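Reading the structure
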Amino acid sequence: MAKIIAVANQKGGVGKTTTCVNLCAALHAKGKRILLIDCDPQGNSTSGMGVKKNQSPNCYDLLTKGTFVLDCIKKTPYGDVIPSNKDLSGASVELVDKRSREFILKVAIQTVCSDYDYIFIDCPPSLELLTLNAFVAADSILIPMQCEYYALEGIADLMTTIKMCNKRLNPTLNIQGIVLTMYDSRTNLTQQVAFELKEYFGGKVYETVIPRSVRLSEAPSHGMPGVAYDRIGKGSRAYMKLAEEFIKKEKMSSKGG
């Protein structure tokens, strides 16, 4: 069965989608069976994986119309994708009166869990019904973090959300890991934030850090992940290294290490 990982941070602009897309593509390049569910109405993961946002059926249809999950999956050279677009922004309102509304995504994807090694869910940068659906469906949460003061405030809010979800909806949900993004080792603030995160979260913070990279920013406009757009760029090399560390930690975890 696939491990389901929600990629989330309630603060925007921290490299959440960039991390989701490039880690998925890097793991796929290493032979892992990957499904990326774009649960963000902005649809940036969709276009980042080379899928047009107007594709249907999509995540909106999966959540609001009960469309069969296999009909929503699009194949790409970088992994499979369930796309989204701005239509998904109305889903939270449409789902309010639905019974067990927080469990809709979890139930919808059960039939494909055995087809993949990892299912990643790109969450919107806010606490709403879409995010709660992702947290209920997920086994763990991967948190991309920019090393700045406001990001520390954002992670405190996210931890509160996770505890609430543990109490009411998904008692086994835990933190997969924290990825430091847009990393600039030249600044004291970066080093201070990284130190504080490692002090609090210990081994949950990945050793691999993601530097700022223009090439990673350019890649979506070409309809591909950064790791495919510029394979030898510093950002791409960082995400390939992150994928290696991710796989290594997963192996250790499965052995009880």
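Here is a short report on the structure shown in this document. (Residues numbered from 1 in each chain as written. Predicted model: local features only at pLDDT ≥ 70, side-chain atom pairs only at ≥ 80, totals over all residues. Heavy atoms only, no water.)

**Quick word on the sheet that holds strand β2 (residues 34-38)**
- Across the sheet, 6 strands lie side by side as β3-β2-β4-β1-β5-β6; this open sheet has parallel pairing. At either end of the open sheet lies a strand with only one pairing partner, and these are β3 (80-82) and β6 (174-181). On average, each strand axis in the sheet is inclined to that of its neighbour by 20°, with strand direction left out of account.
- Strand direction decides the pairing type here: strand β1 (residues 3-7) and strand β4 (residues 118-122), joined by 5 bridges, are parallel. Considered in β4, the bridge of Ile5 is made with Phe120.
- The sheet contacts of helix α1 (residues 16-29) involve β1, β2, β4, β5 (140-146) and β6, and relative to β4 the element is tilted by about 165°. (Pairing = 2+ DSSP bridges. Helix = DSSP H or I, 4+ residues; strand = E, 2+ residues; numbered from the N terminus. Axes fitted to C-alpha atoms, helices over the stretch in contact; angles between N-to-C directions. Contact = heavy atoms within 4.5 Å.)

**Some thoughts on the pairing of β2**
- Counting buried residues in β2 gives 5 out of 5 residues, a clear majority hidden from the surface.
- Here β2 shows two buried faces, one formed by Ile34, Leu36 and Asp38 and the other by Leu35 and Ile37.
- Where β2 and β3 come together, 3 bridges link them in parallel fashion. In the sheet register, Ile37 faces β3, and the bridge partner there is Ile82. (Buried < 20%, exposed > 50% of the residue type's maximum accessible area, 1.4 Å probe, protein only.)

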